[in-house]
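# A look at the structure
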Amino acid sequence: MFFIFSLVPVNAKANVSLSGQIIKKHGEDYLHYHKMTIKIKVVTGKLRLDNLFGGEPVLGEVINSAINANFEQFMNELATYRREGFSEVHVGER
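A brief look at the structure comes next. Every value quoted in this text rests on a predicted model; they were computed, and no experiment measured them. (Residues numbered from 1 in each chain as written. Predicted model: local features only at pLDDT ≥ 70, side-chain atom pairs only at ≥ 80, totals over all residues. Heavy atoms only, no water.)

### Notes on helix H1 (residues 57–69)
Between its first and last C-alpha, H1 extends 18 Å over 13 residues, near the 18 Å set by a 1.5 Å rise per residue. Restricting attention to buried positions, one finds in H1 the residues Gly60, Asn64 and Ile67. Looking down the long axis of H1, one finds its buried residues gathered within 65 degrees of arc, a one-sided arrangement. Opposite the buried face of H1, by more than 90 degrees, sit the exposed residues Val58 and Ala69. (Helix = DSSP H or I, 4+ residues; strand = E, 2+ residues; numbered from the N terminus. Expected span 1.5 Å × (residues − 1). Buried < 20%, exposed > 50% of the residue type's maximum accessible area, 1.4 Å probe, protein only. Arc of directions from axis to C-beta.)

### A word on the pattern of salt bridges
Overall, the coordinates contain three salt bridges when judged by the stated rule. Measuring nitrogen to oxygen at the nearest pair gives 3.0 Å for the salt bridge that ties Asp29 to Lys24. Look at Lys24 and you get exposed, because its relative accessible area is 64%. When the shortest N-O distance is used, the salt bridge between Arg48 and Asp50 registers 3.2 Å. According to the relative accessible area criterion, Arg48 is partly exposed, its value standing at 33%. On the basis of relative accessibility, which here comes to 31%, the residue Asp50 falls in the partly exposed class. Here the salt bridges do not stand alone but share partners, grouping Arg48, Asp50 and Glu61 into one network. (Salt bridge = Lys/Arg side-chain N within 4 Å of Asp/Glu carboxyl O.)

Structure representation (structure tokens):
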């Protein structure tokens, strides 16, 4: 089973940090990044999840309303999972 979602951030901030060094390759200088940190904070917005509970419209609407009434708290609860997901991004030599 799958669900479809849409997220419309209204007030969001992102901070991206890259750590690396300059390396020589074939006589030319290149930036080689070995670490990337991404922090994203979505303060306000609207989230819509579709096809919840097998597409049951009443239950889906109740869940969507509850999430959006408590949007900031909901996003704070997901912060750990967002960080873990972004940590999967690999920065390295290509």
